[in-house]
Amino acid sequence: IDTKRLSVIPFENKINNLTTNETGQPSGGSALAKYITRRVTLSDGFDATDIKAYLTMNKPAGTNVYVYYKVLSQYDPEPFDDKSWIVMTQTSKTNTVALTDEEFIEYEFDPSGTNVNYTSSGATYTTFKTFAMKIVMTSTSTTKVPRIGDIRVIALA
């Protein structure tokens, strides 16, 4: 046996099936597999009232993906980092899973309700200028994990 030609590349998927406390600070929450985008600040005069997310992903049976958003109005004096994450609802292909490792399907996520409104320090804000997204991936087994090909987020006026 030529041991110089043998090699092993071990890897471990760090994923679990927990999503408790994910609405807190960015480092909080029990999920092991998560991705947080950078903050996006819209141009002056282009404040948004709604947000949609599209993820193209390979989601095998036994796995799930949760999408959260965080927004800040230009009139809100509180810091962006103090805002809580809000979970979005998967609105397309809710019972669809990937049948092969190569099958990537586009899923749509929307906020619960009609528009993005939030209350802070007694004031209600109906528009936002800054937002960020958090994607949390869960699985019942470390051998089957969701894979995300791309993410598109659209802020709507």
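Our subject is the structure listed above.
Figured I'd write up the structure that's included with this text.

Cut-offs and rules
- Residues numbered from 1 in each chain as written.
- Predicted model: local features only at pLDDT ≥ 70, side-chain atom pairs only at ≥ 80, totals over all residues.
- Heavy atoms only, no water.
- Salt bridge = Lys/Arg side-chain N within 4 Å of Asp/Glu carboxyl O.
- Helix = DSSP H or I, 4+ residues; strand = E, 2+ residues; numbered from the N terminus.
- Buried < 20%, exposed > 50% of the residue type's maximum accessible area, 1.4 Å probe, protein only.
- Pairing = 2+ DSSP bridges.

Some words on the pattern of salt bridges
- In this structure the tally under the stated criterion is nine salt bridges.
- Among the ionic pairs, aspartate 81 bridges to arginine 39, the shortest N-O distance being 2.7 Å. Here the residue aspartate 81 occupies a position in the loop between strand E4 (63-72) and strand E5 (86-90), and arginine 39 occupies one in the loop between strand E1 (33-36) and strand E2 (40-41), the gap between them amounting to 42 residues.
- The partly exposed category is assigned to aspartate 81, whose relative accessible area is 40%.
- Close ionic contact of glutamate 108 with lysine 52 constitutes a salt bridge, the shortest N to O distance being 3.1 Å. Residue glutamate 108 is found in strand E6 (residues 105-111), and its partner lysine 52 is found in strand E3 (residues 50-58); the two are separated by 56 residues along the sequence.
- We classify glutamate 108 as buried; its relative accessible area is 19%.
- When salt bridges with common partners are traced through the structure, they connect Glu22, Lys34 and Lys134 into a single cluster.

A short note on the pairing of E6
- Judged by how many residues are buried, E6 sits mostly within the fold: six of seven residues are covered.
- Pairing analysis gives three bridges linking E5 to E6, with the strands arranged antiparallel. If you follow methionine 88 over to E6, its bridge partner there is proline 111.

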